[in-house]
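# Working through the structure, step by step
Now for the letters of each chain:
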Amino acid sequence: MTTAAVLTAAGSGTRLGHRLPKGLVELAGVPLVVRAARGLERAGCLSAVVVTVPPHEVAGFRALFVGGRVPGTRLPAVVVPGGATRQASVAAGVAALDDDVDVVLVHDAARCLTPSELVRRVEAAVREGHRAVVPALPVSDTVKQVGAPDASGAEPVRATLDRAVLRAVQTPQGFDRELLEAAHAAGASRAGDETLAATDDAGLVEALGETVWVVPGHERAMKITTPRDLALARLLLDEPA
Ligand code: CTP
Ligand code: MG
């Protein structure tokens with residue numbers, strides 16, 4: 001049995017504000033999706049990567065994964081059309097996995113600087129018997145829960161959450177394949193609607209009532225969402241990993 005990754009790159013990158021889909025945007029000359037795929041390969045624990053991409057951009061992404069491999073490596077890479085939401089894209093990626101895959105890492109292409117050591121940590125935790133594993137960092141801001149805004153737009157605070165028990169979750173998230181498939185099947189009715197769809201796969205597993213386990217995340221597993229994040233990623237490139 002083997003471990004494979006679903007690399008999600010089917011988003012449009014609206015907040016990044018580039019004319020290309022985010023996965024094709026370059027960081028120091030290398031598209032984010034290629035950087036992310038190479039980072040997964042370096043972990044050394046994967047048999048394949050399934051890349052989900054915008055349906056109208058399949059040809060452009062396939063051109064990057066020449067010969068069906070992660071560029072510069074021997075790791076097989078399959079490019080498939082994603083869906084309207086991240087949840088739908090992951091479901092499409094999981095459906096394209098080979099039969100011998102029993103552990104799945106779901107990773108955002110937008111987290112293209114994720115260290116290999118983090119990938120291995122998540123995979124190892126699943127292999128050790130934790131069926132759903134997420135990497136996460138402590139939260140440094142004070143986080144408040146708010147209610148509906150008044151006419152001016154101001155929001156009333158309803159609660160101050162205990163920061164000590166909060167974690168900001170990253171990817172790759174690792175799963176026993178059967179559990180991930182069951183979670184997506186149970187949550188399938190939410191997949192078509194951005195306001196209902198799960199923003200991470202662990203959320204779908206939690207909805208099944210299964211325990212999700214947290215392992216330490218890494219600052220370099222940050223998600224590139226805005227132009228500021230891309231600028232930060234450029235700075236991190238110059239820093240020793
Ligand atoms: N994603 C996906 N399919 C979608 C939407 C998002 O595979 N329908 C992927 C993105 O490509 C990204 C990851 O999920 O790697 C996290 O999503 P996000 O950072 O929100 O990326 P985008 O949806 O591309 O950005 P935006 O929300 O600003 O448009
Ligand atoms: Mg998005």
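Nothing here was measured: the structure is a model prediction, and the numbers come from that model.

In this section: the overall build of the protein chain. From N to C terminus, the protein chain includes 7 helices and 12 strands. Against the globule reference of 18 Å for 241 residues, the protein chain gives a C-alpha radius of gyration of 18 Å, in line with a compact fold. Along the three orthogonal principal directions, the C-alpha set of the protein chain runs to about 55 × 40 × 35 Å. Each of the 241 residues in the protein chain was classed as buried or not, and the buried ones make up 48%. Carbon and sulfur atoms make up 52% of the accessible area of the protein chain, which totals about 11800 Å².

With that settled, consider the site of ligand 1. Ligand 1 sits among 19 residues. The nearest are Thr 8, Thr 14, Arg 15, Ser 89 and Lys 223. Taking Gly 11, its main chain carries an N or O atom lying 2.9 Å from an oxygen atom of ligand 1. One nitrogen or oxygen atom from the main chain of Ala 84 is found 3.4 Å from a nitrogen atom belonging to ligand 1. In the complex, 87% of the free accessible area of ligand 1, which totals 560 Å², lies under the protein chains. Residue classes in the shell around ligand 1 are distributed as 5 nonpolar, 9 polar and 5 charged.

Cut-off values and rules
- Residues numbered from 1 in each chain as written.
- Chains lettered and ligands numbered in written order.
- Predicted model: local features only at pLDDT ≥ 70, side-chain atom pairs only at ≥ 80, totals over all residues.
- Heavy atoms only, no water.
- Helix = DSSP H or I, 4+ residues; strand = E, 2+ residues; numbered from the N terminus.
- Rg over C-alpha atoms; globule rule 2.2 N^0.38 Å.
- Buried < 20%, exposed > 50% of the residue type's maximum accessible area, 1.4 Å probe, protein only.
- Areas by Shrake-Rupley, 256 points an atom, 1.4 Å probe, with all protein chains shown as cover.
- Near = heavy atom within 4 Å.
- Polar contact = N/O pair within 3.5 Å; in protein donor to acceptor, adjacent residues only side chain to side chain.
- Nonpolar A, V, L, I, M, F, W, Y, C, P; charged D, E, K, R; others polar.

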